[in-house]
Amino acid sequence: MTGAQIRFLTLLRRETTRFFKIKRQTLGAPLLETFLYISVFGAALGSRIDQLHGVDYVVFIIPGLIMMAWATNAFSNNSSSLLQQKFQRSIDDQLSSPASPLELLLALSLGGFLRGGIVAVLTFVAARILIDVPIEHIEVLLPGLFLVGFFFAQLGVLVGLRAEQFDDVSFYQTFILQPLIFLGGVFYSATLLPEPFETLTQFNPVYYMIGLVRYGFIGYSETNIALSLVFLVVACTALFALNLRLFGRGYRLRA
Amino acid sequence: MYALAINELVKRYPTGTEALKGVSLEIEEGEFYGLLGPNGAGKSTLIHCTTGLAQPTSGSIEIFGHDAVHHYGDARLAVGLAPQEPNLDWFLTIEESLDFHGGYFGMPRKDRKERATELLDAFSLTDKRHEKTRFLSGGMKRRLILARALMHRPKLLILDEPTAGVDVELRLELWHYVQRINQEGTTILLTTHYLEEAEQLCTKIAFINGGEIVATGTSADLAREYNVTSLEDAYLALVGRGELSRAHVPVADA
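All of these numbers come straight from a predicted model, not from anything done at the bench.

### Observations regarding the side chain of Arg143(B)
Residue and element names in this part refer to chain B.
Item 1. Mapped onto the fold, Arg 143 is located in helix 5 (residues 138-150).
Item 2. Residue classification places Arg 143 among the buried positions, given a relative accessible area of 14%.
Item 3. If sequence neighbours within four positions are ignored, Arg 143 has contacts with Phe 123, Ser 124, Leu 125, Leu 170 and Glu 173.

Okay, here's the thing in structure tokens:
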């Protein structure tokens, strides 16, 4: 293995070590949260709701919950990890190493991506045991989920870079991310909304992400799949390029 | 070839503060070099520019002939930094801190394991190797920071006030250790506020003030330059506080 490969794997291992060391908070809590959503919205409320677009209500919401698990965990992992390291200045040990901005950014991004992926997979396995969740279009599901995870991982890095205190991170999570996800149609179909809310939903980017994942699982979508994929690829590329530029400049990392 | 060659280094912060105003400095390979100056003189900024923690506005920095600013890979491999403030990763244990640092510098696993064992022993940290860094005492953190700086066997070791706030025995222990590695060939750049420390350890000293190197030489050279008899008095003359010289302080009755 070359020095650069060892370096990159160590940077990545630092991220995974962090979230495994506090796994009750980083893996246990999100799993419990998803389980509670399934119980409350699926089993309790869902028993009162007829089928939605040809599937049981609980099956209809599972794709959105899995996407939400990946997105929120990728985001919160990266924003918190980066801010904590900036706060403790422990990031200086990495910044004074030969690691390039690309290596630093990729390792940090993948940390959150992997944590989100683990929570999403465990959510899927648990849901699959309890409910018969189909997978109709794996060729859309996998790239869709990967792109969503990568997008929110990058967003987490960006917010972590900009943040100067923990309140900054929780602001983005509570006042921007959560409303976008909840109003993006995790728990309902936008076609059921009265105007102007149905039209407004179409301006929410998360709506298209949920559409992709839901199509992958149950074969139903209210959005254009090809366009959504293209939009996500462009958004991921733009965000990654922005973060790379900021890392290269040492934005809020180097004096 | 110089271990460290800094030429016309300027660092201007976005606020407009010019922390370094065209600093030039050359440190010979194998030297034990002291950088002294009052708070805010530019010592830490110079160290941060050298180690990649700050981006110079202009000027050049070479470490063993390698550009440390733009093509920094080889330059950073040659430098170990023990910073002024403990900056340990709270999530890691002592042993992991050394292991991860070695990994950041591309050391293979077997080499990391052997080097970490050696340093844990040298700094009396073996018994606490599995303790998380956040629960360590100040002295233990200091030991670990120095061990971490040495993990990848740097040819240039930068010590930014390494003995600030540590007890006498640890200070002397660190002196012995850094003197030994200097004799074994490691070049050392030391900043300190303890002038007797600089006098005892450094073969050459530079005074920095207001972002400029104002004098360099041995301890005796500097005393001569300021027309006084000790390094401490030369320093007091530099900062314009000659009236504080020990020569004016009466000795307490026994």
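There's more to say after this.
### Remarks on helix 6 (residues 168-183) of chain B
Residue and element names in this part refer to chain B.
Item 1. Helix length check: helix 6, at 16 residues, gives a terminal C-alpha distance of 23 Å against a target of 22 Å (1.5 Å per residue), a fit within 8%.
Item 2. Looking at helix 6, one finds that the buried residues are Leu 170, Arg 171, Leu 174, Trp 175, Tyr 177, Val 178, Ile 181 and Asn 182.
Item 3. The inward-facing, buried residues of helix 6 abut strand 3 (32-36), helix 4 (109-122), helix 5, strand 7 (156-160), strand 8 (187-191) and helix 7 (195-201).

### Observations concerning the UniProt feature "domain: ABC transmembrane type-2" (unreviewed entry) in chain A
Item 1. Mapped onto the present numbering, the UniProt feature "domain: ABC transmembrane type-2" (unreviewed entry) falls on residues 21-250 of chain A.
Item 2. What you have in residues 21-250 of chain A is 77% helix and 0% strand, and the ends, taken at the C-alpha atoms, are 28 Å apart.

### Re the UniProt feature "transmembrane region" (unreviewed entry) in chain A
Residue and element names in this part refer to chain A.
Item 1. In the numbering used here, UniProt assigns the feature "transmembrane region" (unreviewed entry) to residues 27-45, 57-76, 104-131, 137-159, 171-190 and 225-244.
Item 2. The straight-line gap between the two end C-alpha atoms of residues 137-159 is 33 Å; of that span, 96% is helix and 0% is strand.
Item 3. Helix makes up 60% of residues 171-190 and strand 0%, and the two end C-alpha atoms of the span are 26 Å apart.

### Some points on the sheet that holds strand 4 (residues 58-63) of chain B
All names here are of chain B.
Item 1. Ordered by their spatial adjacency, four strands build an open sheet running 2-1-4-5, and the pairing between neighbours is antiparallel. Edge positions in the sheet fall to strand 2 (18-28) and strand 5 (66-67), since each of these pairs with one other strand and no more.
Item 2. Here two bridges tie strand 4 to strand 5, and the two strands are oriented antiparallel to one another. Counterpart to Ile 63 in the pairing with strand 5 is His 66.

### Description of the pairing of strand 7 of chain B
Residue and element names in this part refer to chain B.
Item 1. Burial analysis of strand 7 places five of its five residues in the buried class, which makes it a mostly covered element.
Item 2. The two faces of strand 7 match: Leu 156, Ile 158 and Asp 160 on one face and Leu 157 and Leu 159 on the other face are all buried.
Item 3. Sheet analysis places strand 7 next to strand 8, joined by five bridges and oriented parallel. Among the inter-strand pairings, Asp 160 is bridged to a residue of strand 8, identified as Thr 191.
Item 4. Handedness of the β-α-β unit built from strand 7, helix 6 and strand 8 comes out right-handed.

### Digging into the layout of surface pockets
Residues and elements named next belong to chain A.
Item 1. Looking at the largest pocket, its volume works out to about 430 Å³.
Item 2. As for the largest pocket, its lining consists of 24 residues, of which Ile 22, Gln 25, Thr 26, Ser 76 and Arg 115 are closest to the centre.
Item 3. Among the secondary structure elements, those contributing two or more residues to the lining of the largest pocket are helix 1 (3-21), helix 2 (23-45), helix 3 (57-88) and helix 7 (166-182).
Item 4. The element that contributes the greatest number of residues to the lining of the largest pocket is helix 3, accounting for seven residues.
Item 5. Looking at the lining of the largest pocket, its residues break down into eight nonpolar, 10 polar and six charged.

### Some remarks on the domain arrangement of chain B
All names here are of chain B.
Item 1. Once the domains are mapped, chain B shows domain 1 (1-27 + 55-77) and domain 2 (203-254).
Item 2. Contacts between the two partners involve six residues from domain 1, matched on the other side by six residues from domain 2.
Item 3. When the buried area of domain 1 at its contact with domain 2 is split by residue, Lys 21, Val 23 and Leu 25 rank highest and sum to 71% of it.
Item 4. The interface formed by domain 1 and domain 2 holds zero salt bridges in total.
Item 5. At the junction of domain 1 with domain 2, the criterion picks out two residue pairs in polar contact (both at pLDDT 80 or more).

### Considering the nonpolar core
Item 1. Phe152(A) and Ile63(B) are the most contacted members of the largest nonpolar core, which has 105 residues in total.
Item 2. No other element matches the 16 residues that helix 3 of chain A contributes to this core.
Item 3. In contact with Phe152(A), other than residues within four places in its own chain, are Ala71(A), Ala74(A), Phe75(A), Leu177(A), Val206(A) and Met209(A).
Item 4. Among the nonpolar cores identified, the runner-up in size contains 44 residues, and Leu150(B), Leu174(B), Ile188(B) and Leu190(B) belong to it.

### Examining a nonpolar patch on the surface
Residues and elements named next belong to chain A.
Item 1. A cluster of nonpolar side chains, Leu 32, Phe 35, Leu 36, Val 121, Val 125, Ile 129 and Leu 130, forms an exposed patch at the surface whose accessible area comes to about 700 Å².
Item 2. Among the elements of the structure, helix 2 and helix 5 (101-130) are those that each provide at least two residues to the nonpolar patch.
Item 3. It is helix 5 that contributes the most residues to the nonpolar patch, four residues altogether.
Item 4. On the secondary structure map, Val 125 appears in helix 5.
Item 5. According to the relative accessible area criterion, Val 125 is partly exposed, its value standing at 39%.

### Points about the UniProt feature "domain: ABC transporter" (unreviewed entry) in chain B
Item 1. Per the UniProt record, "domain: ABC transporter" (unreviewed entry) is annotated on residues 4-235 of chain B.
Item 2. Counted over residues 4-235 of chain B, helix gives 38% and strand 25%. Its end C-alpha atoms are 24 Å apart.

### What to know about unusual backbone geometry
Item 1. Between Glu195(A) and Pro196(A) the backbone carries a cis peptide bond, its omega angle lying at 10°.
Item 2. Inspection of the secondary structure puts Pro196(A) in the loop between helix 7 and helix 8 (197-201).
Item 3. The phi torsion at Phe64(B) lies on the positive side, around 50°, for a residue other than glycine.
Item 4. Counting through the fold element by element, Phe64(B) comes out in the loop between strand 4 and strand 5.
Item 5. The phi torsion at Asn227(B) lies on the positive side, around 60°, for a residue other than glycine.
Item 6. You can see Asn227(B) is positioned in the loop between helix 8 (219-225) and helix 9 (231-238).

Each value, and the rule that gives it
- Residues numbered from 1 in each chain as written.
- Chains lettered and ligands numbered in written order.
- Predicted model: local features only at pLDDT ≥ 70, side-chain atom pairs only at ≥ 80, totals over all residues.
- Heavy atoms only, no water.
- Helix = DSSP H or I, 4+ residues; strand = E, 2+ residues; numbered from the N terminus.
- Buried < 20%, exposed > 50% of the residue type's maximum accessible area, 1.4 Å probe, protein only.
- Contact = heavy atoms within 4.5 Å.
- Expected span 1.5 Å × (residues − 1).
- UniProt positions renumbered as here; feature names shortened; annotations may be inferred.
- Pairing = 2+ DSSP bridges.
- Right-handed = clockwise from strand over helix to strand, strands pointing away.
- 1 Å grid on protein atoms, 1.4 Å probe; cavity = no way out; pocket = protein on both sides within 12 Å on 5 of 7 lines; lining within 4 Å.
- Points joined across faces, edges and corners; volume = space filled by probe spheres on them.
- Nonpolar A, V, L, I, M, F, W, Y, C, P; charged D, E, K, R; others polar.
- Domains from an automatic or database assignment.
- Buried area = accessible area lost by both parts, 1.4 Å probe.
- Salt bridge = Lys/Arg side-chain N within 4 Å of Asp/Glu carboxyl O.
- Polar contact = N/O pair within 3.5 Å; in protein donor to acceptor, adjacent residues only side chain to side chain.
- Core = buried A, V, L, I, M, F, W, Y, C linked by side-chain atoms within 4.5 Å.
- Patch = residues over 30% accessible without salt bridge, like charges linked within 9 Å, V, L, I, M, F, W, Y side chains within 5 Å.
- Areas by Shrake-Rupley, 256 points an atom, 1.4 Å probe, with all protein chains shown as cover.

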